[in-house]
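So the chains spell out like this:
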Number of protein chains: 2
Amino acid sequence: MPEQIPPDSVGLVEPQLAIFNTPLELACGQTLPHYELAYETYGKLNSNKSNAVLICHALSGHHHAAGFHSMEDRKPGWWDNYIGPGKPIDTNHFFVVALNNLGGCHGSTGPNSVNPATKKLYGPEFPIVTVKDWVNSQARLADMLSIEQWAAIIGGSLGGMQALQWSIDYPERLKHAVIIASAPKLTAQNIAFNEVARQAIMSDEGFHNGWYKEQNDYPKKGLMLARMVGHITYLSDDAMRQKFGRELRSGAINFDFGAEFQVESYLRYQGEVFSENFDANTYLLMTKALDYFDPAKDYNDDLVAALSHASCQFFIMSFTTDWRFSPERSKDIVDALISAKKNVSYLDIDAPEGHDAFLLPIPRYRNAFKAYLARIANEVKANEN
Amino acid sequence: MPEQIPPDSVGLVEPQLAIFNTPLELACGQTLPHYELAYETYGKLNSNKSNAVLICHALSGHHHAAGFHSMEDRKPGWWDNYIGPGKPIDTNHFFVVALNNLGGCHGSTGPNSVNPATKKLYGPEFPIVTVKDWVNSQARLADMLSIEQWAAIIGGSLGGMQALQWSIDYPERLKHAVIIASAPKLTAQNIAFNEVARQAIMSDEGFHNGWYKEQNDYPKKGLMLARMVGHITYLSDDAMRQKFGRELRSGAINFDFGAEFQVESYLRYQGEVFSENFDANTYLLMTKALDYFDPAKDYNDDLVAALSHASCQFFIMSFTTDWRFSPERSKDIVDALISAKKNVSYLDIDAPEGHDAFLLPIPRYRNAFKAYLARIANEVKANEN
């Protein structure tokens with residue numbers, strides 16, 4: 001609900017739909033005969049098409065990364081802190097493309113799309129897509145937009161995994177990969193949290209083996225639980241202490257099972273809102289894409305060998321209190337890049353906010369991000385002339 | 001299934017039942033007119049009754065802390081690593097008492113006991129009990145056993161909270177409190193994990209608002225989820241990596257939602273076993289006792305003031321990789337004890353196992369534990385003569 005659009009906003013934006021009729025082979029062996037990708041663009045593509053930046057989204061993200069869809073919008077896009085005129089991903093310099101990934105629930109082909117083979121919704125029969133599949137589908141989007149080479153591909157968390165995969169699979173098609181709060185693969189603990197989320201969803205009576213839409217139902221409680229677990233892991237212990245402490249909603253203990261502590265009522269509310277706005281089958285798919293991501297696997301578990309193909313420059317950032325995608329995992333990427341003799345900059349940012357930090361306006365993060373992207377903008381400009 | 005009882009085991013043991021007909025007033029304002037506590041004892045009470053040690057259990061524990069119930073038992077009691085002849089809690093020297101707390105599901109009065117007021121099972125109407133209530137009920141057990149003063153009260157996790165509460169509420173009734181992997185109160189993150197567990201149980205259709213026994217049902221999936229979340233938090237990230245890594249059960253990715261990674265199948269199995277052996281209403285009660293524990297609350301949030309009443313000696317231990325009850329929380333207790341000018345020893349043990357470490361045979365932990373308890377045994381002996 002911006003009374004007026006802030007001057008550093010990309011303003012009112014409109015989602016677009018890219019339609020692909022060339023079949024896409026997926027890692028799982030299945031083929032999508034047809035697919036659509038919802039996307040948005042901010043800023044202008046320059047004449048030699050060298051200023052395009054791709055934004056890859058995380059678990060629950062989508063194509064609406066910046067600006068507003070209408071003057072009634074309560075909130076701007078999910079990365080509005082970082083995309084806009086004068087912001088780190090400066091739309092005065094860059095043509096920014098943000099999309100909703102395959103399997104998503106915000107407009108791209110996914111479980112709620114019609115399966116041409118059955119004329120029914122895909123539902124739980126939508127194939128499990130991987131980060132590699134997403135990168136392939138994004139490369140086709142680049143083709144369609146006539147972008148031969150991205151000035152940068154940028155993502156946080158699962159989004160950073162996509163940027164990393166691009167650098168391996170399409171080395172000539174990006175000049176920079178900016179990988180934030182990410183990992184070269186999930187740890188067992190991370191897979192375990194995802195498994196809890198999946199079990200919560202799949203064991204909900206409202207899930208109906210994934211055919212809930214046909215039953216006019218949905219696994220509300222399961223999605224709530226999945227989000228509650230996720231949310232805890234996105235915040236640091238300290239951030240939760242600062243935000244909630246042991247504050248009681250009514251000031252006193254009630255000796256019942258209502259939401260007594262502020263943190264309980266916050267999590268229930270967050271879980272409830274999420275459950276009403278996110279598709280359960282998509283959530284399952286996204287967590288699987290996370291679990292499966294392991295680019296070293298094709299190279300005898302040798303991440304250095306995997307990254308030896310890369311030719312872009314890398315900027316890796318992590319946050320000190322992020323325990324879901326800890327700085328150690330970012331350092332694993334950095335170490336492998338150094339061993340592979342690649343050009344890499346790394347910054348571990350002191351921030352109390354945990355994994356969530358990558359979405360938040362943190363001065364040191366913002367400044368470093370801005371400086372690195374300004375360098376890219378200068379490179380773009382130098383090559384324009 | 002011990003083919004023969006190991007020489008350092010307390011051997012075959014038999015649970016006993018203590019019956020109390022004096023009403024017990026609870027912190028919630030309700031009164032239990034009658035209650036029973038299941039307990040076991042190991043070793044012999046000496047003539048001046050000065051060698052008794054009380055073991056307080058954690059979230060899912062009970063009175064069967066050591067030895068075997070029969071030669072067919074697959075496993076010994078939950079703390080058999082630490083209780084027995086020649087072990088740290090040496091039954092050659094100590095008379096050890098372990099009980100199942102009120103609200104439990106292993107023989108003490110709890111949700112599956114008959115409510116004398118209604119002649120039905122208590123079910124969800126069993127009052128929410130607190131650590132303070134438990135300590136009061138344990139003091140009555142001590143009275144019944146003619147134990148005026150415990151040589152030591154020992155507990156890990158939620159068990160440590162009981163030992164701490166004893167030191168404040170019954171300062172003259174214990175000489176030592178051994179508090180392991182515990183905390184003076186839960187953090188917001190900890191409360192949040194408990195809330196997820198409760199929501200998982202309460203939202204399960206099998207819960208029937210807590211009246212599942214009457215429906216011949218139980219919230220199997222909810223209990224599974226609760227245990228899965230719990231289990232993740234009891235292990236360190238490193239312990240999970242070492243135990244499971246990213247090992248696949250079948251060696252290859254299946255692109256489905258079965259348990260593909262070893263960690264998934266392990267957690268599902270652990271959750272399933274737990275769900276078949278633990279009562280849902282008890283789980284809810286135990287998590288609430290954890291959340292509510294905050295002895296400083298009665299003293300204007302001043303833990304030093306709360307502990308100023310204590311007269312026992314304290315031994316606090318924590319484990320470096322325990323993130324559910326981190327060493328910082330143990331240090332909060334130590335700092336408050338120092339400020340209150342109490343006698344306290346503290347050891348932070350380098351152990352990769354996370355919170356679970358307190359149950360495991362870790363040499364440094366075992367040695368320190370043994371040395372401290374040997375000192376107590378010597379004190380007991382000195383006073384006997």
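Rules used in this analysis
Residues numbered from 1 in each chain as written. Chains lettered and ligands numbered in written order. Predicted model: local features only at pLDDT ≥ 70, side-chain atom pairs only at ≥ 80, totals over all residues. Heavy atoms only, no water. UniProt positions renumbered as here; feature names shortened; annotations may be inferred. Helix = DSSP H or I, 4+ residues; strand = E, 2+ residues; numbered from the N terminus. Buried < 20%, exposed > 50% of the residue type's maximum accessible area, 1.4 Å probe, protein only. Contact = heavy atoms within 4.5 Å. Domains from an automatic or database assignment. Buried area = accessible area lost by both parts, 1.4 Å probe. Salt bridge = Lys/Arg side-chain N within 4 Å of Asp/Glu carboxyl O. Polar contact = N/O pair within 3.5 Å; in protein donor to acceptor, adjacent residues only side chain to side chain. Nonpolar A, V, L, I, M, F, W, Y, C, P; charged D, E, K, R; others polar.

### Remarks on the UniProt feature "active site" (unreviewed entry) in chain A
All names here are of chain A.
Okay, step 1: Mapped onto this numbering, the UniProt entry annotates "active site" (unreviewed entry) at Ser157, Asp322 and His355. For the annotated residues, spread through 199 residues, the largest C-alpha to C-alpha distance comes to 10.7 Å, consistent with a single compact locus.
Okay, step 2: Among the structural elements, Ser157 can be located in the loop between β9 (152-156) and α2 (158-169).
Okay, step 3: The exposure class of Ser157 is buried, given its relative accessible area of 6%.
Okay, step 4: Leave out the neighbours within four places in its chain, and Ser157 touches Ala58, Ile180, Ala181, Ser182, Phe325, His355 and Phe358.
Okay, step 5: Looking at the element boundaries, Asp322 is found in the loop between β11 (313-319) and α9 (327-339).
Okay, step 6: When its relative accessible area of 2% is taken as the criterion, Asp322 is described as buried.
Okay, step 7: Discounting chain neighbours no more than four positions away, the residues touching Asp322 are Ala181, Pro327, Gly354 and His355.

### Some words on the domain arrangement of chain A
All names here are of chain A.
Okay, step 1: Partitioning chain A into domains gives domain 1 (16-185 + 298-384) and domain 2 (190-287).
Okay, step 2: For domain 1 versus domain 2, the distance between C-alpha centres works out to 26 Å.
Okay, step 3: In this complex, domain 1 contributes 30 residues to the contact, which on the side of domain 2 involves 26 residues.
Okay, step 4: Roughly 2400 Å² is buried in total at the junction of domain 1 and domain 2, and carbon and sulfur atoms are behind 61% of that figure.
Okay, step 5: Together, Leu59, Trp323 and Arg324 form the three largest contributors to the area buried by domain 1 at its contact with domain 2, with a combined 33%.
Okay, step 6: At the junction of domain 1 and domain 2, the tally comes to zero salt bridges.
Okay, step 7: Inspection of the region where domain 1 meets domain 2 yields 10 residue pairs in polar contact (both at pLDDT 80 or more).
Okay, step 8: Split by residue class, the side of domain 1 that touches domain 2 holds 15 nonpolar, 10 polar and five charged.

### A few points about the side chain of Gln189(A)
Okay, step 1: Mapping Gln189(A) onto the fold places it in helix α3 (residues 188-202).
Okay, step 2: When sequence neighbours within four positions are dropped, the list of residues in contact with Gln189(A) reads Trp323(A), Ile232(B), Leu235(B), Ser236(B), Asp237(B), Met240(B) and Trp323(B).

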